[in-house]
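Listed below are the residues making up each chain.
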Amino acid sequence: MLPLPPVWVALALTIAPVAAPAHVPLKAPVPADSIIADAAVALERGRPWQASRLIAVLLADSASRTPDAVMLGARAASQWGGWREVRRLLEGQPWLDDAYGARGRSLLARAALELGADSVAVKYALLVPASPVDSVEGQRLVLLASALEHLGARDSAAAVYAGAADRLPAIAGWLRIRAAAVSDDSVQRAALYARIDDPLVRERIGWSEAAAHRGTGDLYGAAARYAALGARATALRLRLAMSSDSGARAGVRRDLTALVTARRSPGEVRDAIALLDSAFAPLTAAEELEVGRAAATAGSHTRAVDAFGVAFAAQLETPQDRFAYATALTRLGRHAEAAPQFALVTAPRDLAATAAYQRARALIRSGQDAPGRLALDRVLRLYPRDTSAASSAIFLLGDLASDDRADDRARARFREVVTRYPSSRFAPTAAFRAAMIALIGGDARLAAAEFDGLVRRYGSSDEAGAAAYWAARAWETAGSADSARQRLERVAGGDPGSYYTGLAVRRLRRPAWVPPAAKESFIAIPDADSALARAALLQRLGLGAESRWEYDRLLRQSGNAERLLALANGFRRQGLAAQSIQLARRAQAGGAPADARTYRLLYPVVLEDALLAVALEHGLDAGFVAALIRQESMFNPTATSPVGARGLMQVMPELGRKLAQSLDYPVWDPVLLYQPDVSLQLGAFHLQELSGRYSEPAHVLAAYNAGASRVERWSQRVGVDDPEVFTERIPFAETRGYVRAIARNQEIYRGLYAWAGARLATP
């Protein structure tokens, strides 16, 4: 057995769950004033869900359900997007107009607006008293204007937006654009445009004019303007609305089909398909065929499957269409249905070869292991000269042999890929896996020679760094300390952000790399600070599109490394870590020093208090949690994966619901997963569950990414008692890279933040 690697020994100590005390003494009830104070602190620190959970105890008891508790609960719910909860708490309260100034009515108006109750929003917004303070009054006016706009009261909305612009000079241009978009008077619109100086806002004048013409009923003018702006689907929607005869509708239908066929962008394709479906269903078989082709490329797999089914029933198809249909089925996880569809693709030969391999893969993924293996053998018999299909089939057979613990057979398969198809994309990985099996099987010298050979032959591949490190380990096992050290020295001198660099440094028993200390100071960029402030204000007012445009303008800016670092710091201060990382990477590429100042922007932390609190609550190393979040979402609380995982820690809605039940959440709404403190708590709770099941961080991370059932299967492979070997023997490239990245992330967080390397003690 290979010696236990030091990196995973260290990491294992960081995620072991804290044992619960054998007996917890009963505590005296907490006074209501103390609960309210704690909830207010949680809200101030950016943890609105924590505030909601604290205050729920008081709200559940009529004796403690005071106006202070209700108002604090409503404020907390508004900050995590719980607008139904805001309405439930505040509607009908007799004290609403006598206490808390305008806050209660403002919250109710915003809740009604968010929930689509526009007339109710107007009613509540009108009940909010005017304020002599410009900033407060301006925000009231924006709320009222938004409600009026949604209700269709255009002239009133335009006047109120214009009034708000006078009260909020920082965002006056955006508010005047909004006023113009709902104004029927072209002279008034021109006057509003004339008062806009900001080039970014002026870029939106064309869009404002298109919206204004649409609002006045000039659909022809609006359609022409939207088409000129590139919004073709919107233009066609308007043309459809004014098409009163069959000839005009037929023209729109042809243009929509052409737009689908052109496939200029996924969003445009989806919009055009939705319009076709809503206006012209049922589509002809020929139209469905074009829809299927476009939907498949746009990621709308369910619509693609439905469309292809109609087209195929009319005997309209090509082999490429059948292949796309089968592929869409696999994207939906319908592997048993996909397999026979792939079997129908018999020409041209190169596509048939790929389809034959994908059929075998679909059979295996649907649990039909024996037929799947026979199908892989068939690929090798029929298409031995197709490098892609044949090498893929051999590689998968090797992978299946590893699952069977038949490593001799697996190694033979992997070596076959290297010798028969040395230029295939699988060749470097196959060479690596074959060498790893030799090392695990006790032939360290052969493994060392093969790892070295991989580095020479495939030096530019993703496997070269791994092979260099494992060559060192193989030479060490073979008893050649000098050869091992030479290779470790080379790996240790590489990129400090590399997983293998970190492993090599540890194996050389050297201190982990720490970015050099640097003063946390940045140059002043007043225009950027103003833009960030504008974006934040727009976001608070519910003007999300305008806020994004402001942020995007900053992200597009160029400049030297110092300016980019200062911009990154500005985004970090706003809690926008993903943008901070993006800018810091550009600064690093532009020559920014590799010091602690730069690396804290590359490896930031959002809501540090909340992160430390959940780590303490669940017995986890805060650096481990931070490293995982960076890999999962880049600290973007609104991140959504292609499969629907949400938030900082990318929790699936169904898993989130179950975890919330386990934690006795007083209310549940999937929108909570976008709330940072909720995502932190649920994700940490899930990590705690997994760390109770697995003793090694590599297993915990693999289960978090790919699921526990797969980890159980991978844990049966030979040699995986060594956590480093387990990581290398994960067959999914995404999961293997995920585990390695988080392990290295954690090491960097340790070097940057004092708390990341310290064990948090329970109070």
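Along every chain, residues carry numbers that run from 1 in the direction the sequence is written. Only residues with pLDDT of 70 or above have their local features reported here, since the model is predicted, and side-chain atom pairs are shown and tallied only from 80 upward, although totals for entire chains, interfaces and linings are computed over all residues. Note: side-chain values were computed over all heavy atoms of the structure, leaving out hydrogens and water.

A.B. asks: What exactly am I supposed to notice about the pattern of salt bridges here?
C.D. replies: We define a salt bridge as a contact between a side-chain nitrogen of Lys or Arg and a carboxyl oxygen of Asp or Glu at a distance within 4 Å. In total, this model carries 51 salt bridges according to the counting rule given. A salt bridge links Asp277 to Arg303, with the nearest nitrogen and oxygen atoms 2.9 Å apart. In this pair, Asp277 sits in helix α17 (residues 266–280) while Arg303 sits in helix α19 (residues 301–313), placing the two residues 26 residues apart along the sequence. Put simply, Arg534 and Glu550 hold a salt bridge, and the shortest N to O gap is 2.9 Å. Remark: Glu550 occurs in helix α32 (residues 544–556) and Arg534 occurs in helix α31 (residues 526–540); sequence separation between them is 16 residues. Exposed residues in this analysis have more than 50% of their type's maximum accessible area, buried residues have under 20%, and partly exposed residues fall in between, with area computed by a 1.4 Å probe over protein chains only. Arg534 sits in the buried class, given a relative accessible area of 15%. Connected through shared salt-bridge partners, Asp399, Asp403, Arg433, Arg713 and Arg717 make up one network. Numbered from the N terminus, helices here are DSSP runs of H or I no shorter than four residues, and strands are runs of E no shorter than two.

A.B. asks: Honestly, the packing of aromatic side chains in this entry has me stumped. Any pointers?
C.D. replies: For any pair of aromatic rings, the description rests on two quantities: the centre-to-centre distance and the angle between the ring planes. Pairs were defined over the aromatic rings of Phe, Tyr and Trp, the Trp ring being its six-membered one, requiring ring centres within 6.5 Å. Orientation was assigned from the angle between planes: stacked under 30 degrees, edge-to-face over 60, tilted for the rest. Under the definition given, this model contains 22 aromatic pairs. Judged by centre distance (5.4 Å) and plane angle (65°), the ring pair of Phe323 and Phe342 falls under edge-to-face. Within this pair, whereas Phe323 is found in helix α20 (residues 319–331), its partner Phe342 is found in helix α21 (residues 335–343), the two being separated by 19 residues in sequence. For the pair shown, Phe323 and Phe342 are each scored as buried. A network of ring pairs unites the aromatic residues Trp513, Tyr599, Tyr603, Tyr749, Tyr753 and Trp755 as a single cluster. Between the NZ or CZ atom of Arg204 and the centre of the ring of Trp549, over which it lies, the distance is 3.7 Å. Geometrically, a charge over a ring is one whose NZ (Lys) or CZ (Arg) sits within 6 Å of the ring centre while staying within 35 degrees of the ring normal.

A.B. asks: Looking at this model, I keep getting lost on unusual backbone geometry. Mind explaining?
C.D. replies: Residues other than glycine predominantly adopt negative phi, and peptide bonds predominantly adopt the trans conformation. A cis geometry characterises the amide bond from Ala281 onward to Pro282, with omega recorded as 0°. Relative to the assigned elements, Pro282 resides in the loop between α17 and α18 (285–298). Note that the residue after Ala347, namely Pro348, is joined by a cis bond; omega there is -10°. Tracing the backbone through its elements, the reader meets Pro348 in the loop between α21 and α22 (349–365). Even without being a glycine, Arg263 presents a positive backbone phi close to 50°. Locating Arg263 in the fold gives a position in the loop between α16 (246–262) and α17. For Arg263, a relative accessible area of 35% translates into the label partly exposed. You will see that Asp664, though not glycine, has its phi angle at about 55°, which is positive. Within the fold, Asp664 resides in the loop between α38 (653–662) and α39 (676–693).

A.B. asks: Can you help me understand the side chain of Thr330 in this one?
C.D. replies: Within the element layout of this structure, Thr330 appears in helix α20. Residue classification places Thr330 among the buried residues on the basis of a relative accessible area of 17%. Here a polar contact is recorded for every N or O atom pair within 3.5 Å, except that within protein the pair must consist of a potential hydrogen donor and a potential acceptor, and residues adjacent in sequence are included only if both atoms are side-chain atoms. Of note is the side chain of Thr330, whose polar atom sits 2.5 Å from the backbone oxygen of Thr327. When sequence neighbours within four positions are dropped, the list of residues in contact with Thr330 reads His335, Ala338 and Phe342. Two residues form a contact once any of their heavy atoms are found within 4.5 Å.

A.B. asks: Mind showing me how you'd approach the environment of Ala231 here?
C.D. replies: Secondary-structure assignment places Ala231 in the loop between α14 (219–228) and α15 (232–241). Residue Ala231 is classed as buried on the basis of its relative accessible area of 15%. Along the sequence, Ala231 and Trp207 sit 24 residues apart, while their C-alpha atoms lie 9.7 Å from each other. Not counting residues up to four positions away in its chain, the partners in contact with Ala231 are Trp207 and Tyr226.

A.B. asks: Hey, could you run me through the nonpolar core in this one?
C.D. replies: Where a protein is soluble and globular, its nonpolar side chains tend to be buried together. If you look at the biggest cluster of nonpolar residues, it comprises 147 residues, and the most contacted ones within it are Leu90, Leu175, Leu611, Phe635, Met649, Tyr749 and Trp755. For Met649, the residues in contact, after removing those within four places along its chain, are Val625, Leu628, Ile629, Glu632, Ser679, Leu680, Gly683, Ala684, Leu687 and Tyr704. Listed in part, the 100 residues of the second largest apolar core include Phe312, Phe414, Ala438 and Ala471. Only buried residues count toward a nonpolar core. Its members are Ala, Val, Leu, Ile, Met, Phe, Trp, Tyr and Cys residues joined through side-chain atoms within 4.5 Å.

A.B. asks: In this structure, what is going on with empty space enclosed by the protein? I would like to understand it.
C.D. replies: If a probe the size of a water molecule is rolled over the atoms, the empty space left behind becomes visible. Grid points spaced at 1 Å and placed over the protein atoms alone form the basis of the search, with a cavity being a set where a 1.4 Å probe fits but cannot get out and a pocket an open set showing protein on both sides within 12 Å along at least five of seven lines. Lining residues have an atom within 4 Å of a point. Grid points are joined across faces, edges and corners, and a volume is the space filled by probe spheres set on the points. If you walk through the whole model with that rule in mind, you get three cavities of 30 Å³ or more. What the largest cavity holds in volume is close to 70 Å³. Every residue lining the largest cavity is listed: Asp399, Ser402, Phe414, Phe432, Arg433, Met436, Ile437, Arg717, Glu728 and Arg729. Only α24 (387–403) and α26 (427–440) provide two or more residues apiece to the lining of the largest cavity. Note on residue classes: Ala, Val, Leu, Ile, Met, Phe, Trp, Tyr, Cys and Pro are nonpolar, Asp, Glu, Lys and Arg are charged, and everything else, Gly too, is polar. Counted by class, the lining of the largest cavity contains four nonpolar, one polar and five charged residues.

A.B. asks: In this structure, what is going on with the packing of α26 against helix α28 (residues 464–477)? I would like to understand it.
C.D. replies: Any two packed helices are characterised by the angle at which their axes cross and by the distance between the axes. Fitting a line to C-alpha atoms yields each axis, with helices limited to the stretch in contact; the angle taken between N-to-C directions then spans 0 to 180 degrees. In the contact formed by α26 and α28, the axes pass within 11 Å of each other and the chain directions differ by 20°. Taken together, the axes of α26 and α28 lie roughly parallel to each other. Handedness of the crossing formed by α26 with α28: left-handed. Taking contact as the criterion, the partners of Phe432, Met436 and Leu439 in α26 are, on α28, Ala466, Ala467, Trp470, Ala474 and Thr477. Taken together, the residues that form the contact of α26 with α28 break down as seven nonpolar, one polar and no charged. Orientation labels follow simple angle bins: below 35 degrees gives roughly parallel, above 145 gives roughly antiparallel, 65 to 115 gives roughly perpendicular, and whatever is left gives oblique. Note on convention: near helix rotated counterclockwise from far helix by under a right angle means a left-handed crossing. Clockwise means right-handed.

A.B. asks: Would you explain the environment of Leu168 in this entry?
C.D. replies: Counting through the fold element by element, Leu168 comes out in the loop between α9 (154–167) and α10 (172–181). Not counting residues up to four positions away in its chain, the partners in contact with Leu168 are Asp134, Ser135, Gly138, Gln139, Val142, Leu175 and Leu541.

A.B. asks: What exactly am I supposed to notice about α21 here?
C.D. replies: Three- or four-residue spacings in an α-helix give side chains the same orientation, since the helix completes a turn every 3.6 residues. Listed as buried for α21 are His335, Ala338, Ala339, Gln341 and Phe342. Considering only its buried residues, α21 is in contact with α20 and α22.

A.B. asks: Explanation requested: the environment of Ser156 in the structure shown.
C.D. replies: Checked against the element boundaries, Ser156 lands in helix α9. Ser156 gets classed as partly exposed once you look at its relative accessible area, which sits at 38%.

A.B. asks: What exactly am I supposed to notice about the packing of α38 against α39 here?
C.D. replies: Where α38 meets α39, the closest approach of the two axes is 10 Å, and the angle between their N-to-C directions is 80°. Relative to α39, α38 is oriented roughly perpendicular. Each of Leu655, Gly656, Leu659, Ala660 and Ser662 in α38 lies in contact with α39, whose residues at this interface are Leu682, Phe685, His686 and Glu689. Split into classes, the residues belonging to the contact of α38 with α39 amount to five nonpolar, three polar and one charged.

A.B. asks: Please explain helix α7 (residues 118–127) as it appears in this structure.
C.D. replies: Inspection of α7 places Asp118, Ala121, Val122, Tyr124 and Ala125 among the buried residues, and these make up the whole buried set. Looking at the buried side of α7, the elements it contacts are α6 (103–114) and α8 (134–151).

Bear in mind that shape data such as this cannot, by itself, settle questions of function.
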